[in-house]
Amino acid sequence: MVAMTTPARARGPGPAPAVEAGTLRPMTTADLDRVVAIEVQAYSFPWSRGNFIDSLAAGYTAELLEQADGTPLGYYLALPGVGEMHLLNLTVAPAVQGRGLAHRLMDRLEARARELGLASLWLEVRASNERARALYRGRGFAEVGLRRGYYPPPGPKREDAVVMSRTLAPGADAGGAHAAG
């Protein structure tokens, strides 16, 4: 299984386009061309189309955030398990990062986990991805472990993954400040 996030590539010059709030809906295989296009822009080691197909076929929780015109803004995929939800991939299109969309996706993921009666969220994040780690810490996640050599290498050796977890209080609002993403 492929893990969650790698450092995003830098956004190009000039102002980012205006972003409307967007709507969340279940991701389908019909969305995959647009989803994979975001994935390859955002990551040095993107998920393959096959990773997305396998996740959807397995019935994982997967939602797409898009503007009214159908422009995709971001998405997440997560694996519900016994008592917990494991976030596998959360991505915001590079052109619209830094506008709170990652928080919107996390709010929905947390709400979905609560709907399913799940008590906690888990994820792995590259040790070097300080922006994502700060986002998760700000939402109440704790760093609870390390998976050595988990990610493909950005350099000569594989990179460690930081394992993070958050307990979900039933019916509680999403935690943390909304500053990044």
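Refer to the preceding data block for the structure.
Not measured: the values here are computed from a predicted model.

1. Focus on the overall build of the protein chain
Part 1: Within the protein chain, the regular secondary structure consists of four helices and seven strands.
Part 2: When the 181 residues of the protein chain are sorted by exposure, 44% land in the buried category.
Part 3: For the protein chain, contacts bridging at least 24 residues in sequence account for 67% of all contacts bridging at least 6.
Part 4: Carbon together with sulfur atoms contributes 57% to the accessible area of the protein chain, which is approximately 8300 Å² in total.

2. Observations regarding the packing of aromatic side chains
Part 1: Applying the stated criterion to the full structure yields four aromatic pairs.
Part 2: Relative to Tyr 75, the ring of Phe 52 lies with its centre 5.8 Å away and its plane at 80 degrees, an arrangement referred to as edge-to-face. Of this pair, Phe 52 sits in helix α2 (residues 49-57) while Tyr 75 sits in strand β3 (residues 72-80), placing them 23 residues apart in sequence.
Part 3: A relative accessible area of 0% places Tyr 75 in the buried class.
Part 4: Each ring, one from Tyr 150 and one from Tyr 151, has its centre 5.1 Å from the other, and the planes form 85 degrees; the classification is edge-to-face.

3. Section: the sheet that holds strand β7 (residues 159-167)
As a general point, the strands of a sheet are linked pairwise by backbone hydrogen bonds and lie either parallel or antiparallel.
Part 1: Ordered in space as β1-β2-β3-β4-β5-β7-β6, the seven strands form an open sheet in which the pairing is mixed. One side of each edge strand has no neighbouring strand; the edge strands of this open sheet are β1 (23-26) and β6 (142-151). Averaged over all pairs of adjacent strands, the angle between their axes in this sheet comes to 25 degrees, without regard to strand direction.
Part 2: Taken together, the seven bridges between strand β5 (residues 120-126) and β7 define a ladder with antiparallel strand orientation. Paired with Leu 123 across the two strands is Met 164, which belongs to β7.

4. Describing the environment of Gly 145
Part 1: For Gly 145, the location among the structural elements is in strand β6.
Part 2: Sequence separation between Gly 145 and Met 164 is 19 residues; the distance between their C-alpha atoms is 7.0 Å.
Part 3: For Gly 145, the residues in contact, after removing those within four places along its chain, are Ala 161, Val 162 and Val 163.

About the cut-offs
- Residues numbered from 1 in each chain as written.
- Predicted model: local features only at pLDDT ≥ 70, side-chain atom pairs only at ≥ 80, totals over all residues.
- Heavy atoms only, no water.
- Helix = DSSP H or I, 4+ residues; strand = E, 2+ residues; numbered from the N terminus.
- Buried < 20%, exposed > 50% of the residue type's maximum accessible area, 1.4 Å probe, protein only.
- Contact = heavy atoms within 4.5 Å.
- Areas by Shrake-Rupley, 256 points an atom, 1.4 Å probe, with all protein chains shown as cover.
- Phe/Tyr/Trp six-rings, centres within 6.5 Å; stacked < 30°, edge-to-face > 60°.
- Pairing = 2+ DSSP bridges.
- Axes fitted to C-alpha atoms, helices over the stretch in contact; angles between N-to-C directions.

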